[in-house]
Amino acid sequence: MTHRVAACYSIADLRELARRRLPRAVFDFYDGGAEDERTLAGNSLAFERWHLAPRVLVDVAGASTGCNLLGAPAGMPAAIAPTGAAGFGCRGADLALARAAAKMGIAYTLSSSATTSIETIAEKAPGRLWFQAYVLRNQDFFWQLIERARRAEYEALVITVDLPVGGKRERDFRNHFSIPFRFTPRNMLDFASRPRWAIDMLLRGMPVMENLRGLEAAATNATAIASSVGRSYDPSFDWARLAEVRERWPRKLIVKGVSRGDDARRLAMMGVDAIVVSNHGGRQLDGAIPSLLALPEVLQGVAGRLPVLVDGGVRRGADIAKALALGAQGVLLGRATLFGAVAAGDAGAQRALDILHDELLRTMRLCGAPTVTQLSGDLLRPSDPNASWSAYAAAPPAARSASPRAHRTPDLVNP
Ligand SMILES: Cc1cc2nc3c(=O)[nH]c(=O)nc-3n(C[C@H](O)[C@H](O)[C@H](O)COP(=O)(O)O)c2cc1C
């Protein structure tokens, strides 16, 4: 582990390392959310709604984060969320995340728009693997992806349903970050400001969204493939088509991007195996309810018929503890581990998981909860809602320091 990674003690430190290593446009693509980024901010602030009321005088000497997640053992109650285009930040970031997950004994979710193929991940990072499929207009291609995941023995299929169209991510517009890349004086200067990143991309080329090769006949290079993604989502995907997926996919089916109790209830009735309460990390519908606040309604909707996971804003072990105390079976880790991987590849991904594991174990011990199942609702007390929500309401809109110059709305990758 490099000295710089070893000097990171929190996910915030890893985020800062990523910010210093990457061109601004690339960092903002990972860090940013849609429009005024209120849902992005709200996801994190929602954790402040709850305080922990620790139990004392409990023997926590043998405490462990080991648990059962979706019917199989896990080193901690978490899995890595799908994050597309990770390789644009650091070559091999998908593999780094998958290897770190395997080492921690948790599942890794490969995104449709990852820069590593379904087969390479299965070969080089065997462990609990889930494949996230975006629903594509090209249905043959969509089913081929799913078939590849089946053949490569992925344990679960994750269907993301909060993206009938891409969200409006204004940092990307202001930074002139678009795919295909349009080289403008602003982004050339930006890329040049991070010579190590730029030289690697110049010498070895931009990574390709490996799983989408062949999606369009003309898409033969990195930028052409990436640009085809946004246009390829199928906004007509509905309940009937999801039922078809359920029928054809024989293993675990996870639906990601649910925020309502009625949707959750219907999903439980149709036989999906798990739900992820998620708003895509605030990258889609700005103003959407923060995930942690949607969790109770979703739990009520499923009424114990299936496990519910939650993601969005998890940056500390205590956040994981609170999500479990509210009734989630586990969390998905999005930017928390992504920042580590794009800051420092394998070492960074591993460091992010080690930090979260250490914090969760420490929180469990400090709360008098030696096992994950003892992270129950009686540990929670509501904080003063006015205090935290007035801060949320006053949260400043997305940084506007980048050029406000009019810029044609680009085709964004939109993972
Ligand atoms: C850069 C980036 C790329 C993402 N790509 C995908 C994706 O390809 N598929 C998907 O279902 N979700 C994607 N997401 C959403 C994550 O899976 C997850 O829901 C979100 O990051 C959770 O919020 P958090 O980052 O605040 O933890 C992406 C998120 C980020 C930040």
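Residues numbered from 1 in each chain as written. Predicted model: local features only at pLDDT ≥ 70, side-chain atom pairs only at ≥ 80, totals over all residues. Heavy atoms only, no water.

A. The arrangement of the site of the ligand in detail. Close to the ligand lie 23 residues; Pro82, Ser111, Thr160, Asp311 and Arg335 are nearest. Between the ligand and tyrosine 134 there is a distance of 2.9 Å, counted from a nitrogen atom to a side-chain nitrogen or oxygen. Within the side chain of arginine 315, one N or O atom sits 2.9 Å away from an oxygen atom of the ligand. Coverage of the ligand by the protein chains reaches 100% of its 600 Å² of free accessible surface. Classifying every residue of the shell around the ligand gives six nonpolar, twelve polar and five charged. (Near = heavy atom within 4 Å. Polar contact = N/O pair within 3.5 Å; in protein donor to acceptor, adjacent residues only side chain to side chain. Areas by Shrake-Rupley, 256 points an atom, 1.4 Å probe, with all protein chains shown as cover. Nonpolar A, V, L, I, M, F, W, Y, C, P; charged D, E, K, R; others polar.)

B. Region of the structure containing the sheet that holds strand S7 (residues 156-160). Around the barrel, which closes on itself, the eight strands sit in the order S4-S5-S6-S7-S8-S9-S10-S11 with parallel pairing between neighbours. Geometrically, the sheet is characterised by an average inter-axis angle of 25 degrees between neighbouring strands, direction not taken into account. Taken together, the five bridges between S7 and strand S8 (residues 252-258) define a ladder with parallel strand orientation. Across the sheet, the residue bridging to valine 158 is isoleucine 254, located in S8. The strands that helix H5 (residues 93-104) touches are strand S4 (78-80) and strand S5 (107-111); relative to S5, the one it contacts most, it runs at about 160 degrees. Running at roughly 180 degrees to strand S6 (residues 129-133), helix H7 (residues 139-151) makes contact with S6 and S7 of the sheet. (Pairing = 2+ DSSP bridges. Helix = DSSP H or I, 4+ residues; strand = E, 2+ residues; numbered from the N terminus. Axes fitted to C-alpha atoms, helices over the stretch in contact; angles between N-to-C directions. Contact = heavy atoms within 4.5 Å.)

C. Layout of the pairing of S6. By the criterion of burial, S6 is predominantly enclosed, with five of the five residues buried. Taking every second residue as pointing to the same face, both faces of S6 are buried, with Leu129, Phe131 and Ala133 on one and Trp130 and Gln132 on the other. Pairing analysis gives four bridges linking S5 to S6, with the strands arranged parallel. Bridging from a neighbouring strand, serine 111 pairs with glutamine 132 of S6. Tracing the backbone out of S5, into helix H6 (residues 118-124) and back to the parallel element S6 gives a crossover that is right-handed. With four bridges joining them, S6 and S7 adopt parallel strand pairing. Paired with tryptophan 130 across the bridge in S7 is alanine 156. (Buried < 20%, exposed > 50% of the residue type's maximum accessible area, 1.4 Å probe, protein only. Right-handed = clockwise from strand over helix to strand, strands pointing away.)

Shape is all these values report; function is a separate question.
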